[in-house]
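# Breakdown of the fold
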Amino acid sequence: MENDIKKKEIKPLDLQKTTICEATAQMLKKAEKDGVETAFHRAAAMKACPIGADSACCKHCSMGPCRLSSKDPYGKVGVCGATIDTIQARNFARMVASGAAAHTDHGMSMLELFREVVNGHIKDYSIKDPTKLKKVASILGIEVKDREIKDIAMDFYRELERTYTQVEGEIPFAKRVPEKTLETWRKHGVVPRGAMREIMELMHRTHIGVDQHYENITQQCTRTALSDGWGGSMVATEISDILFGTPTAIRGDVNMGCLKEKEVNIVIHGHEPNLFESVLASVGDPDFLQSAKDAGAEGINLVGMCCSGSEMLSRHGIPHVGNFMSTETIMVTGAVDAMGVDVQCIKQGLAQVANCYGTRLFTTNPRCRIEGVEHIAFIEHEPRKCTDAIVKNAIERFKNRKLPIEIPKIINSGIHGFSMEYVNYMLGGTFRGSYKPLNENIINGRIRGVAGVVGCTNPRVKQDWVHVELVKELIRNDVLVLQTGCSQIALAKAGLYTPEAASLAGPGLSEVCETVGMPPVLGLGSCVDNSRILTAASEMVHTGGLGESLADLPIAGAAPEWMSEKAISIGHYFVASGVYTVFGVTFPIIEGTKFHQLLFDGLENMGFGKWGFTPNPYEMARMMIAHIDKKRKSLGIDKARERTLMDMTDRQKLEAA
Ligand code: BF8
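Only a predicted model underlies this, so the values are computations on that prediction, with no experimental measurement involved. (Residues numbered from 1 in each chain as written. Predicted model: local features only at pLDDT ≥ 70, side-chain atom pairs only at ≥ 80, totals over all residues. Heavy atoms only, no water.)

### As for the overall build of the protein chain
Helix and strand content of the protein chain: 26 helices and 15 strands. Whereas a compact globule of 657 residues would reach a radius of gyration of roughly 26 Å, the protein chain reaches 24 Å, a difference of no more than 12%. In terms of its C-alpha atoms, the protein chain occupies a principal-axis envelope of roughly 65 × 65 × 65 Å. Counting every position in the protein chain, which comprises 657 residues, the buried fraction comes to 63%. At a minimum sequence separation of 6, the contacts of the protein chain that also span at least 24 residues come to 75%. (Helix = DSSP H or I, 4+ residues; strand = E, 2+ residues; numbered from the N terminus. Rg over C-alpha atoms; globule rule 2.2 N^0.38 Å. Buried < 20%, exposed > 50% of the residue type's maximum accessible area, 1.4 Å probe, protein only. Contact = heavy atoms within 4.5 Å.)

### A word on the coordination of the nickel atom of the ligand
Among protein residues, the single donor to the nickel atom of the ligand is C527 (SG), with a metal-donor distance of 2.2 Å. Seen from the nickel atom of the ligand, its four donor atoms lie at angles of 92 to 152 degrees, and the figure they make is irregular. Position of C527 among the secondary structure elements: in the loop between β12 (521-523) and α22 (530-543). (Donors = N, O, S within 2.8 Å, 3.2 Å for Na, K, Ca; no water. Tetrahedral: all angles 85-135°; square planar, octahedral: opposite > 155°, others 65-115°.)

### Examining empty space enclosed by the protein
This structure, assessed with the given rule, holds four cavities of 30 Å³ or more. There is about 300 Å³ of room inside the largest cavity. As for the largest cavity, its lining consists of 35 residues, of which V450, A451, G452, L482 and I533 are closest to the centre. Going through the elements one at a time, α17 (420-428), β10 (449-453), β11 (479-483), α22, β13 (555-559), α23 (565-577) and β14 (580-583) are the ones with two or more residues in the lining of the largest cavity. Here the lining of the largest cavity is built from residues that sort into 29 nonpolar, five polar and one charged. Each pocket or cavity is described by its volume, and for the second largest cavity that value is around 130 Å³. Listed by contribution, the elements that provide at least two residues to the lining of the second largest cavity are α13 (306-316) and α23. The leading source of residues in the lining of the second largest cavity is α23, at four residues. Residue composition of the lining of the second largest cavity, grouped by class: 13 nonpolar, four polar and one charged. (1 Å grid on protein atoms, 1.4 Å probe; cavity = no way out; pocket = protein on both sides within 12 Å on 5 of 7 lines; lining within 4 Å. Points joined across faces, edges and corners; volume = space filled by probe spheres on them. Nonpolar A, V, L, I, M, F, W, Y, C, P; charged D, E, K, R; others polar.)

### Some thoughts on the confidence of the model for the protein chain
Looking at the protein chain, the pLDDT average stands at 95 and 96% of residues meet or exceed 70. Low confidence marks residues 646-655, where pLDDT is under 50. Its contacts with residues over four positions away, or in another chain, come to four contacts. (pLDDT = per-residue confidence, 0-100.)

### Here's the deal with the layout of surface pockets
Approximately 920 Å³ is the volume found for the largest pocket. For the lining of the largest pocket, the residue count by class is 17 nonpolar, six polar and seven charged. Along the wall of the second largest pocket there are 22 residues; nearest its centre are L13, F40, A43, A44 and A45. Of all the elements in the fold, those that place two or more residues in the lining of the second largest pocket are α1 (15-18) and α3 (39-45). Considering every element that reaches the lining of the second largest pocket, the biggest residue donor is α3, with six residues. Classifying every residue of the lining of the second largest pocket gives eleven nonpolar, two polar and nine charged.

### Brief notes about helix α21 (residues 507-516)
Buried within α21 we find G508, L509, S510, V512 and C513. Looking one or two residues past α21, G517 carries a phi angle of roughly 80 degrees, positive in sign.

### Regarding the environment of L13
Counting through the fold element by element, L13 comes out in the segment before α1. Between the C-alpha atoms of L13 and E198, which are 185 residues apart in sequence, the distance is 43 Å. When neighbours within four sequence positions are excluded, L13 is seen to be in contact with T18, L28, E32, F40, H41 and A44.

### Description of the site of the ligand
Around the ligand, a shell composed of H271, C306, C307, F324, C345, G455, C456, C486, C527, M563, S564 and K566 is seen. Contact between the ligand and H271: an oxygen atom at 2.8 Å from a side-chain N or O atom of the residue. In the environment of the ligand, an oxygen atom lies 2.8 Å from a nitrogen or oxygen atom belonging to the side chain of K566. The pocket occupied by the ligand, as judged from atoms lying within 2 Å of grid points, is the second largest cavity. Considering only residue class, the shell around the ligand consists of eight nonpolar, three polar and one charged. (Near = heavy atom within 4 Å. Polar contact = N/O pair within 3.5 Å; in protein donor to acceptor, adjacent residues only side chain to side chain. Sits in = over half its atoms within 2 Å of the grid points.)

### Things to note about the sheet that holds strand β7 (residues 360-363)
If you trace the five strands from one edge of the open sheet to the other, you get β5-β4-β6-β7-β8, paired in parallel fashion. Across the chains shown, the open sheet's two edge strands, defined by having one partner strand only, are β5 (300-305) and β8 (374-375). As paired elements, β7 and β8 share two bridges and run parallel to each other. From the neighbouring strand, T363 faces β8, where its bridge partner is H375. Along the sheet, helix α11 (residues 273-283) makes contact with β4 (264-269), β5 and β6 (338-341), crossing β5 at roughly 170 degrees. (Pairing = 2+ DSSP bridges. Axes fitted to C-alpha atoms, helices over the stretch in contact; angles between N-to-C directions.)

### Some points on the packing of aromatic side chains
One pair of aromatic rings is described through two measures. These are the centre distance and the angle between the planes. This model, assessed by the stated rule, comprises 16 aromatic pairs. Between K347 and the ring centre of F324, over which it is positioned, the NZ or CZ distance is 4.0 Å. Over the ring of Y580 we find K610, and its NZ or CZ is 5.2 Å from the ring centre. (Phe/Tyr/Trp six-rings, centres within 6.5 Å; stacked < 30°, edge-to-face > 60°. Lys NZ or Arg CZ within 6 Å of the ring centre and 35° of its normal.)

And the structure:
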């Protein structure tokens, strides 16, 4: 292999049990032949730690680490006396703190970029959507009438900065939260002040000898998660839309077949759209196109992976070559000339695979470096310095390609780019854009409810399978599905992002999809764009007819193949916002403990949503649908659905007669 990497003996995987992504399976086979190990192989060889998986271990001080028993959780306590509930709540809270930190730090970077663009210090980016700027600024109470964009933008920046730095008061986007939901938050003291303060306090409380009441820890954990969903993540989405454009429905291709053998292939993987936007500018440079041609290439092919890939797919229709569990296997094609990464979900294992196939791998963000990988600093004030270097290296590697190339010939075309604004327009048209048609179709029962199916892929379960089976089951039962992140890509690969996929939906949902011309599954973008689900749900409440708080809505959420701490933070802010949220794979809490009872039941009694767990997609769908039906019943619209279905059956009988 290239670069003298010693060929390893790889124990072959049972591919039937590993993935339903045919391209990934094909590349795993090739990797095994080439002697290249991936995360799938490591997961198969390494059993997950059973004590950690149950969160029965505390390692927050050196009197331990203390190990309790998940079989007998109340049989003993830690050296300091910490009970199983304290230990689990601490561990869970720290996952939320870390996940929230990742999203809010990303959001803060976007906000800083925005400030520098507005004050003219950065010229490579500009405000692409001033209409959205004005709209969101007005929601925050900023005067927009007869004012210069620059002045509105500066006020907007100052207001949103409070999302992070404020020490007292409520974060700005609390203004978007339906009144009754906000009341519940205020009653329980969980309205976030500023993300930095919430994360700091949560880390403090989970230190040895501080907060030792699982309910009290959960309160701060909830406040911190909300500072992610309604804070850091929401700021990241809104600022990215304003700077780079709000997505509207766009055709896009997904899967490894988007790589092109005769072109220079550049993959961007990570989470921050500014890197990707700048690479897009670099590859559009005629000088680079010429050098690529001089090197014998037919062109330069820019594609994305993971969340920044999903953002670029949504905004510009840039091809997306795979989700989290395909980031190593994409390089096994031998066709990736360069891969640029920024932050989050970047496996250290990429370095080894890149080495094996001679892919030029670059880290770009000061927060994320990998031993043995070249770092080209991405500096927003001169972004092209970094991204031009990536393109140059890619062309260089194309010229010197040595290994045979094998690209799986699979491309899945579909429609992406369903921002909250676009859904508004799609349903109601330019002049009467509104969520009313959605609400009406829920009330009359054609649409049973709405589900958010999001999150990662994880080598502990068959890649994409749980996502795909769950979503198919939901739409078959007339549940409209909204998606983000790696889950969106799983369903796009399964072909559900086409309007024709409406034929897989139940009679009510397919009728709505056919009328509007939309797929039964709507992709909203990256993981921070889960905030679009929050704003869409709030819009449903504001539109009327479906209750007064988010907890009243017939909606549910799921992350069926989750793996990251960010997913836990997202799950918890959905729960805190009033949504029943079901996770798959495994859940880091012991069933039967008081903390488990609080998350899976108690929170709902307090007016929030609640957690659920099952690794089985059909059971997951059943749980979500049962919850949606429960909410329909409380709203008094369950009868409407019965009537609708009777009408539908009658019609079918008539048609058959
Ligand atoms: O933030 S879905 S594997 S890529 S964590 Fe990561 Fe999970 Fe993918 Fe994006 Ni989200």
